[in-house]
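Residue strings, one per chain:
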Amino acid sequence: MKHLLTTDGLAEDAATAVLDTADELKRTLLGREVRKLPTLRGRTVITMFYENSTRTRVSFEIAGKWMSADVVNVSAGGSSVGKGESLRDTALTLAAAGADCVIVRHPASGAAHRLAGWLTETGTSVVNAGDGTHEHPTQALLDAATLRERLGALKGRRIAIVGDVLHSRVARSNVHLLATLGADVVLVAPPTLLPKGVESWPVTVSHELDAELPAVDAVMMLRVQAERMHGGFFPSAREYSIAYGLNEARLGLLPEDAVVLHPGPMLRGMEIGSAVADAPQSAITEQVRNGVHVRMAVLYHLLAGEGEE
Amino acid sequence: MTQVLLKGARLYGEGEKVDVLVVDGTIAEIGAVAAAEGTEVVEAGGQVLLPGFVDLHTHLREPGREDTETVDSGSAAAALGGYTAVFAMANTDPVADNAVVVEHVWRRGRETGLVDVHPVGAVTVGLKGERLAEMGTMAKSAAGVRLFSDDGHCVSDPLLMRRALEYSTALGVVVAQHAEEPRLTVGAQAHEGERAARLGYAGWPSSAEEAIVARDCVLARHAGARLHICHVSATGTVDVLDWAKGLGVDVSAEVTPHHLLLTDERLATYDPINKVNPPLRAEADVERMRRALASGVLDCVATDHAPHAVQDKDCEWDAARPGMLGLQTALSIVVETMVRPGLLDWRGVARIMSERPAEIAGLPDQGRPLAVGEPANLVLVDPEAEWTVRGAELASVSANTPYEGMRLPAVVSATLLRGRITSREGKIG
């Protein structure tokens, strides 16, 4: 792997290799007092976040540090970006300053692709940490790692993704990766929060959460952003919550060993009931924990993998 | 007395080779003509002679963005592309919403002298869609504005559009609509469909174009006004136009070369060189544009030539400006998409590139028949030649062509504006 920009077209063996490495890293570090591996010593990783994010940025930073890479965090507010510098110039500057890998989050779909294009000659790797409403591949990988842990192999497993699919990069990355890993995906959302053209995705579509829950192995709740609530995508937060929220009553519809995921940050009481988020079925904190190992694995495959691609 | 003799041209690509003698800007003789002394001879070698092209839709960026295009550079691109008249849209800085600006652009065109530059007047003050610009003053100015448009913005307020259409009838001018319902395209980045959904682009739905075209056809019928629709891109718009024309609505429509050739398949790279408004649509739309142009539901080709600076294209998609160069590639794209597949012959090319646009804008001396006594606004085309597009080699100040590196058919050998050679073998004058 040179870059990780999308899960669309990511081969099954490449995805599985990252997941296996993540598992291995997790086992290696389990119970260790000093959680640091020397693998990426001397390599420089720069996180470049053009959107507010705590969990993803911190997760990447910890992943880099546990691999002994030098991690530098750049945020749009505190850099020359605030002075109107172009994305291209910022990227070339960071590459010239010695970045082996740039981890980027940006509000424009395709920003990571553009960056990878501009950085072709510098040899810098690019990781997409979320681009607009396009993709968030490491989130999908950490979701898959969490599901594998709970369910074993994903082939033939049925996963529901519920909520704002239209604006969700998490949903897009998960749809591709889960399909690649052989899972059946059902998207559950009101028609206003599904993209035109969803028919061509490797999924089935439903508007009835209650009808889907008894048959799924896992349910992934998507965050409903505040601006959607006021954007007329649905009549009210109350009606949304009634129709698509995973509340305590709905938890009973799920098979006993089903898994509940949420990429965070959660709106408790809106898309997910507070007791549901803390129920035994919930793997939400495991997702965060696995996120670090998956991102370590991604950095490993990008920066340490010899003789690959 | 200036004389040019075109030796051995085929008029509309038909029949035997003939010589065409041009004297003082007029076609003086067609047949076997011997070159008199002092006559400039162009060896046509059986190439296709057509009336000079007329472009209803260009952005020449002067005044305001001379770093991307000027009347000089845009006129050169036009002459090299076979054009003898172009319309320059009003979204300059300052906006062409008053007689001073339109007269300035018109005068700059005259000074350059490579193509007739007709300024388009804004429909509303500052293109803001709030109140009508002084259309009458602009129409009666030295620039003689015939075409009004807020292009880049839709005149979306139905009452204001009604008033503009009604008011235009007294002036004998045409309102050209950029059809885009703004409430349906908030934040829109690309054609709403399978590809945008997968790639995470905010969708620009075809319905945003179709809805405005349907509304405006109804308003034009009510007002008894002429209406022109800019850059049609969606299949449903063709259906609406077909319906409106059937009812006798006085509506005409243009399609751009890029909407005849390119699709949203190009979105995959996220390269904003392909960002344009309205967006590149699906294969079915492209196919429909071609058939509608052949059948006449779409009247003409207009380039929407839109130069942009490197920094406005070499960035992330959302930050890029929409638009692409078109003047020097239009003929080749028309040959590639319409002539080669057999949808149009050369007479058809004359109709969509010259005669219909001249008629729509009411230009008396453009788009005329190739006949003795007619004004010598002419273009000579080598239909067999091919060329490779290189943005840096185009005459425009900017280089934002989506056809970079593409091999295209047909080359403009010579362009004549009122009998004067404005381009020849890829060179000006």
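Residues numbered from 1 in each chain as written. Chains lettered and ligands numbered in written order. Predicted model: local features only at pLDDT ≥ 70, side-chain atom pairs only at ≥ 80, totals over all residues. Heavy atoms only, no water.

Per an unreviewed UniProt entry, the recorded name for chain B is Dihydroorotase, and the organism is Prauserella cavernicola. A UniProt comment under Sequence similarities (unreviewed entry) is attached to chain B, and it reads "Belongs to the metallo-dependent hydrolases superfamily. DHOase family. Class I DHOase subfamily." What UniProt records for chain B under Catalytic activity (unreviewed entry) is the sentence "(S)-dihydroorotate + H2O = N-carbamoyl-L-aspartate + H(+)". (UniProt positions renumbered as here; feature names shortened; annotations may be inferred.)

Under an unreviewed UniProt entry, the name given to chain A is Aspartate carbamoyltransferase, and the source organism is Prauserella cavernicola. Looking at chain A in UniProt, the text filed under Pathway (unreviewed entry) is "Pyrimidine metabolism; UMP biosynthesis via de novo pathway; (S)-dihydroorotate from bicarbonate: step 2/3." What the UniProt record of chain A gives under Function (unreviewed entry) is the line "Catalyzes the condensation of carbamoyl phosphate and aspartate to form carbamoyl aspartate and inorganic phosphate, the committed step in the de novo pyrimidine nucleotide biosynthesis pathway."

Novice: How should the interface of chain A and chain B be read in this particular structure?
Specialist: Interfaces are often sized by the amount of accessible area the parts lose when they come together. On the chain B side, the residues contacting the 20 residues of chain A number 18 residues. Carbon and sulfur atoms supply 49% of the area buried between chain A and chain B, which totals about 1,600 Å² over both sides. If you sort the residues of chain A by the area they bury against chain B, Ser 109, Arg 114 and Lys 196 of chain A come out on top, with a joint share of 32%. Linking Arg 114 of chain A and Asp 314 of chain B is a salt bridge whose minimum nitrogen-to-oxygen distance equals 3.2 Å. Only α3 (87–96), α4 (111–118) and α6 (169–180) of chain A provide two or more residues apiece to the side of chain A that touches chain B. Across the side of chain A that touches chain B, the residue classes break down as six nonpolar, nine polar and five charged. (Contact = heavy atoms within 4.5 Å. Buried area = accessible area lost by both parts, 1.4 Å probe. Salt bridge = Lys/Arg side-chain N within 4 Å of Asp/Glu carboxyl O. Helix = DSSP H or I, 4+ residues; strand = E, 2+ residues; numbered from the N terminus. Nonpolar A, V, L, I, M, F, W, Y, C, P; charged D, E, K, R; others polar.)

Novice: Help me understand a nonpolar patch on the surface in this model?
Specialist: Residue and element names in this part refer to chain B. A surface patch of nonpolar side chains, about 280 Å² in accessible area, is lined by Val 218, Trp 243 and Leu 247. Tracing the backbone shows Trp 243 in helix α7 (residues 235–246). With relative accessibility at 43%, the residue Trp 243 sits in the partly exposed group. (Patch = residues over 30% accessible without salt bridge, like charges linked within 9 Å, V, L, I, M, F, W, Y side chains within 5 Å. Areas by Shrake-Rupley, 256 points an atom, 1.4 Å probe, with all protein chains shown as cover. Buried < 20%, exposed > 50% of the residue type's maximum accessible area, 1.4 Å probe, protein only.)

Novice: Any chance you could explain the packing of helix α1 (residues 12–29) of chain A against helix α12 (residues 284–304) of chain A here in plain terms?
Specialist: How two helices sit against one another is set out by the angle between their axes and by the gap between those axes. Residues and elements named next belong to chain A. One can describe the packing of α1 onto α12 by two numbers: an axis separation of 8 Å at closest approach and a directional angle of 120°. One finds that α1 runs oblique with respect to α12. Every pair of crossing elements has a handedness; the one defined by α1 and α12 is right-handed. Facing α1, whose interface residues are Ala 17, Val 18, Thr 21, Ala 22, Leu 25, Lys 26 and Leu 29, α12 presents Asn 290, His 293, Val 294, Met 296, Ala 297, Val 298, Tyr 300 and His 301. Partitioned by chemical class, the residues of the contact of α1 with α12 number 10 nonpolar, four polar and one charged. (Axes fitted to C-alpha atoms, helices over the stretch in contact; angles between N-to-C directions. Parallel < 35°, antiparallel > 145°, perpendicular 65-115°, else oblique. Left-handed = near helix turned anticlockwise from the far one by under 90°.)

Novice: Looking at this structure, how should I read the UniProt feature "domain: Dihydroorotase catalytic" (unreviewed entry) in chain B?
Specialist: The positions UniProt marks with the feature "domain: Dihydroorotase catalytic" (unreviewed entry) are residues 46–234 of chain B. Between the end C-alpha atoms of residues 46–234 of chain B the distance is 38 Å, and the span holds 36% helix and 18% strand.

Novice: Looking at this structure, how should I read the UniProt feature "binding site: carbamoyl phosphate" (unreviewed entry) in chain A?
Specialist: Residue and element names in this part refer to chain A. Feature annotation in UniProt assigns "binding site: carbamoyl phosphate" (unreviewed entry) to the following positions: Arg 55, Thr 56, Arg 105, His 136, Gln 139, Gly 264 and Pro 265. Checked against the element boundaries, Thr 56 lands in helix α2 (residues 55–66). On the accessibility criterion, Thr 56 (5% relative accessible area) is buried. With near-sequence residues (within four places) excluded, Thr 56 lies in contact with Phe 49, Arg 105, Ala 129, His 136 and Arg 295.

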